[in-house]
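Fold and contact review
Given next are the chains, with one letter for each unit.
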Amino acid sequence: MNIRSLSRGDGVVIGAAVVLFIASFLDLSSYDCPRGVDCSGFDSANAWDSLSLLMSIFLAGVIGAALVIVSRSTPGRKILGLDLGQFGAALTVFALWTAFWTTIDAGDAGAGLILGLLATLVLAGAAVAGPLVPALKAPLSSGPRPVAAGAGQSPYGAQPQGQGYGYPGQQQPFGAQPGTPQTGQSQPFGAQPGPSAPHAAQAPQSPQAPQAGGSTGGDFTPFWFAVPVTRPLFGEDGSSGQIAELAPGTWYLAVEQRGQSLVAQTQDGRRGVLQDTSGIQRG
């Protein structure tokens, strides 16, 4: 799994799941030792001594968190008709519901129950609100900023020397023509670059990408690009199912243009349609 595809909400889910797992080893109940009585031999039970509490609160929450995180790398997977992430979120809400009433019912709740209740509260909140709240949808970690290493583009399918998948030479905003000097300001999708210096030499054109369904312009040239935030990649057949997720900090190859959309290729060779091309950085 690419850690750059995780959001801040996913980070909160992971942290809460770790705290919940630790809470399963703490005492479920507290007690006051009477004066004159040796209570050193008294050992309070924890969640691992109660199978019902272990499965319905602690492990249910941890498993729900795992499903939410796994859904980021395998979008479209379903369990009982629900998306993997939705099923995991529902499991965390169930763990919170059980922990709340168990703590209310216990007259002498110990550290394990109290910490478990707090952990499931944070866990369920992050799992449900993660895809909805902009602050939680932001990337967990931003990738390294690309470093310019000479002008020109790599041919389709070629790996630039000394760098990882898709690391281009010089950054260009999407829509700019190869070989055009950059002024340091980004241009929106489809904008024409400003006039270049007189008698500027044109950079050699890279070979065109193979046709793979859909209409493409005859002058389209494959190029590397990066996305500013996590973007979904949909199937080339026009279906609404998400086949992959493009993460910030990673370069992807655009092999075809369909109107305002791009057909992109991921590191593992999967290809799909990127419908939202706003703000992407061209390499």
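Within the largest apolar cluster, 24 residues are counted, with the highest numbers of intra-cluster contacts made by Val13, Leu28, Phe58 and Leu123. At seven residues, the largest contribution of residues to this core is made by helix α2 (residues 51-73). The contact partners of Leu123, leaving out residues within four places of it in the chain, are Val13, Ala16, Ala17, Leu20, Gly61, Ala65 and Thr92. Counting residues in hydrophobic clusters, the runner-up holds 14 residues, among them Leu233, Leu246, Ala264 and Leu274.

Chain-level statistics for the chain give a pLDDT mean of 75 and a share of 67% at 70 or above. Contacts of residues 176-188 to residues separated by more than four positions or lying in other chains number 30 contacts, the stretch itself having pLDDT below 50.

With that out of the way, let us pick up helix α3 (residues 84-105). For α3, which comprises 22 residues, the first-to-last C-alpha distance of 32 Å matches the rise-based estimate of 32 Å (1.5 Å per residue) to within 8%. If you check which residues of α3 are buried, you get Leu84, Gly85, Gly88, Ala89, Thr92, Ala95, Thr98, Ala99 and Thr103. Its buried side turned inward, α3 meets α2, β1 (78-79), β2 (82-83) and α4 (111-129). Two or three places before Gly85, at the opening of α3, Asp83 has a side-chain oxygen 3.0 Å from that residue's backbone nitrogen.

Analysis parameters
Residues numbered from 1 in each chain as written. Predicted model: local features only at pLDDT ≥ 70, side-chain atom pairs only at ≥ 80, totals over all residues. Heavy atoms only, no water. Core = buried A, V, L, I, M, F, W, Y, C linked by side-chain atoms within 4.5 Å. Buried < 20%, exposed > 50% of the residue type's maximum accessible area, 1.4 Å probe, protein only. Helix = DSSP H or I, 4+ residues; strand = E, 2+ residues; numbered from the N terminus. Contact = heavy atoms within 4.5 Å. pLDDT = per-residue confidence, 0-100. Expected span 1.5 Å × (residues − 1). Polar contact = N/O pair within 3.5 Å; in protein donor to acceptor, adjacent residues only side chain to side chain.

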